[in-house]
Every structure is written in C-alpha cells, then in structure tokens.
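This is what each chain is made of:
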Amino acid sequence: MGKEDLVSNNPLRALGLEKEDGNDGRRVGLVMARAGLGKTAILVQIAMDSMLRENKVLHVAIGEGLEKTKTWYDDILSLMNHQDKSIGSYQQIVDEVMQNRMIMTFKENSFSVATLEERMEDLSQQGIFKADCLVIDGFDFAGAGSAAALGELKSFMKQNDLKMIWFSAVSHRDDNRVSANGVPAPCHEVDDIFDTVLLISPEKDEIRLKTLKCSEACSVDAGKSLSLDPATMLIKKA
C-alpha cells in the first residue's frame, strides 16, 4: 500500500476534504470536544490527509511547544503504520509527507492574525514554506475580540489563497448554550464562519465524531457520526 492508497482508504473521505468547498471553494472547519478528548489527534489526522495529498500544511500551535506538537504527528503516523501492515515503504512515505508540514508555535495570549501573517510572509519570501492549508490548535474562542479575529482570518485565507483552515475548540460540560445547528459554546455565536463542524462525543463504550454541520462536499449528513478507536483516537473505517 502506498501514499495514494492511504488517501483513498482514509475514512476522512466521507467529509469530502479533497473537494472544493464553501462559498469560494475554501473550507473552514472546526473540531470541538471537552478538554482532553482528542481534538489535536483529529486535527493532526486532517492535516496528515492534506499533506498526503501534496498540500503544504502549517500547524499553528497556540500554548503548545514544538516538540509536543511534533510528537502528535510521529504518534499518529506510527499508529497508522501499526494499524495497516500493508503500508509499503513506510519511512519513505514519512519522509515525503513531513516535507509538507511546518509547525509554528505561539505562547498563549500572544497569537494575532497580524503576527501570523508576518511570520508566514517571512517564510514564503525566503522560499522556506508557503502554506496551502492551516490548522490552528488552541485558538481562544472565548477571548475578547475572537469574532473579529475569525473575520480577519477569513479575509486572510482568501488573500493568501489557502484551501482550508481547521480550528479546535474546547466545550464545557456545564455550559448548555448551543446554536441552531447544535454547535456548543463558546462557538455557538460564530458557527456561520464554519463550513464543517465536528464534535467528539463519548457514548457508553465508544467515542463518536459527530458532524454537527457539514456542507455539500460531505457524504456524511449533518447529525450523523464517524467512529473513533478509543485507544488510538484514529478514525475507524466504516
């Protein structure tokens, strides 16, 4: 099994991530869960899928260090290799895929769209890295000015010709506020920003990845779910 097979057999195909999406062919996605339930693991799987499809992915880690973020990718790749013994030339695939990834870290409360744009422009002008996609892990949706920052990121996405941006957000058990689409707080008042919203939901002995909002590119209807392996947090094949 090679890189192409990893792409075609990926359960994420149900979300139509390889298709153009949104009003202008760009997708803004969100993964939500309570603290410690695996948001970063899902973001990394989405990033990995994009990297396998030859996109350059910038992983923006807010409040997380470089080494810990790198470890997420190493662990997910190792689990994929362990799960599917038919993967051929594993190390070659790893080497190729990792050329498509850049990690950028920010301390908590130091992230701003202006700083992100400045740092990305520096990388691009030096010929080091030009991103096609962003994953932003740790964005403060409850912070003052978060809605304005999201609007800036939407404009930034178009200006920089980004295909997609995925965010993670923490929901809280004791906060029952939800949007009309069922998107929990603190994202309930900004859910119109997102084309796709996924919620990690523990249910009895399993963990489900619910699609609260999904555009026409998805084959999973809103309200339906994918299944996660609770031991690895890898998305299971249907």
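For the structure, check the block above.
Overview of the structure. Note that this is a predicted model, so its numbers are computed, not measured. (Residues numbered from 1 in each chain as written. Predicted model: local features only at pLDDT ≥ 70, side-chain atom pairs only at ≥ 80, totals over all residues. Heavy atoms only, no water.)

Quick look at the side chain of Asn-100
1) Next: With respect to the helices and strands, the residue Asn-100 is situated in the loop between helix H4 (90-98) and strand E3 (101-106).
2) Next: Within the structure, Asn-100 has its side chain in polar contact with the backbone oxygen of Met-51 (distance 3.0 Å).
3) Next: When sequence neighbours within four positions are dropped, the list of residues in contact with Asn-100 reads Met-51, Glu-54, Asn-55, Lys-56, Val-57 and Phe-129. (Helix = DSSP H or I, 4+ residues; strand = E, 2+ residues; numbered from the N terminus. Polar contact = N/O pair within 3.5 Å; in protein donor to acceptor, adjacent residues only side chain to side chain. Contact = heavy atoms within 4.5 Å.)

Quick notes on the layout of surface pockets
1) Next: For the largest pocket, the calculated volume is near 780 Å³.
2) Next: In terms of lining, the largest pocket is formed by 36 residues, of which the most central are Ile-62, Asp-137, Gly-138, Phe-139 and Asp-140.
3) Next: At the level of secondary structure, the elements contributing two or more residues to the lining of the largest pocket comprise helix H2 (39-52), strand E2 (57-62), helix H3 (66-83), helix H6 (146-159) and strand E5 (164-170).
4) Next: Its residues assigned to classes, the lining of the largest pocket comprises 16 nonpolar, 14 polar and six charged. (1 Å grid on protein atoms, 1.4 Å probe; cavity = no way out; pocket = protein on both sides within 12 Å on 5 of 7 lines; lining within 4 Å. Points joined across faces, edges and corners; volume = space filled by probe spheres on them. Nonpolar A, V, L, I, M, F, W, Y, C, P; charged D, E, K, R; others polar.)

Looking at H2
1) Next: In a regular helix each residue adds 1.5 Å, so 14 residues correspond to 20 Å; H2 covers 20 Å between its end C-alpha atoms and thus fits that length.
2) Next: Of all the 14 residues making up H2, 14 are buried; the element is thus mostly covered by neighbouring parts of the structure.
3) Next: Remark: Glu-54 follows H2 within two positions and exhibits a positive phi of approximately 70°. (Expected span 1.5 Å × (residues − 1). Buried < 20%, exposed > 50% of the residue type's maximum accessible area, 1.4 Å probe, protein only.)

Some remarks on the packing of helix H5 (residues 113-125) against H6
1) Next: Interaxial distance between H5 and H6 falls to 10 Å at its minimum, and their mutual angle equals 25°. As the angle between them shows, H5 and H6 are arranged roughly parallel. The interaxial crossing formed by H5 with H6 has right-handed handedness. Across the interface between the two elements, Val-113, Leu-116, Glu-117 and Met-120 from H5 touch Ala-149, Glu-152, Leu-153, Phe-156 and Gln-159 from H6.
2) Next: Grouping the constituent residues of the contact of H5 with H6 by class yields six nonpolar, one polar and two charged. (Axes fitted to C-alpha atoms, helices over the stretch in contact; angles between N-to-C directions. Parallel < 35°, antiparallel > 145°, perpendicular 65-115°, else oblique. Left-handed = near helix turned anticlockwise from the far one by under 90°.)

A word on the pairing of E2
1) Next: Of all the six residues making up E2, six are buried; the element is thus mostly covered by neighbouring parts of the structure.
2) Next: Residue alternation in E2 divides its side chains into two sets, Val-57, His-59 and Ala-61 and Leu-58, Val-60 and Ile-62, and both sets are buried.
3) Next: The pairing of E2 with E3 spans six bridges and is classified as parallel. Directly across from Ala-61, in E3, lies its bridge partner Thr-105.
4) Next: As paired strands, E2 and strand E4 (residues 133-137) are joined by five bridges and run parallel to one another. Each bridged residue has a counterpart across the sheet, and for Leu-58 the counterpart in E4 is Leu-134. (Pairing = 2+ DSSP bridges.)

Structural notes on the environment of Leu-17
1) Next: You can see Leu-17 is positioned in the loop between helix H1 (3-8) and strand E1 (27-33).
2) Next: For Leu-17, a relative accessible area of 5% puts it in the buried group.
3) Next: For the pair Leu-17 and Cys-218, spaced 201 residues apart in sequence, the C-alpha to C-alpha distance is 7.9 Å.
4) Next: When neighbours within four sequence positions are excluded, Leu-17 is seen to be in contact with Leu-12, Arg-27, Ile-46, Asp-49, Arg-53 and Trp-166.

Bear in mind that shape data such as this cannot, by itself, settle questions of function.
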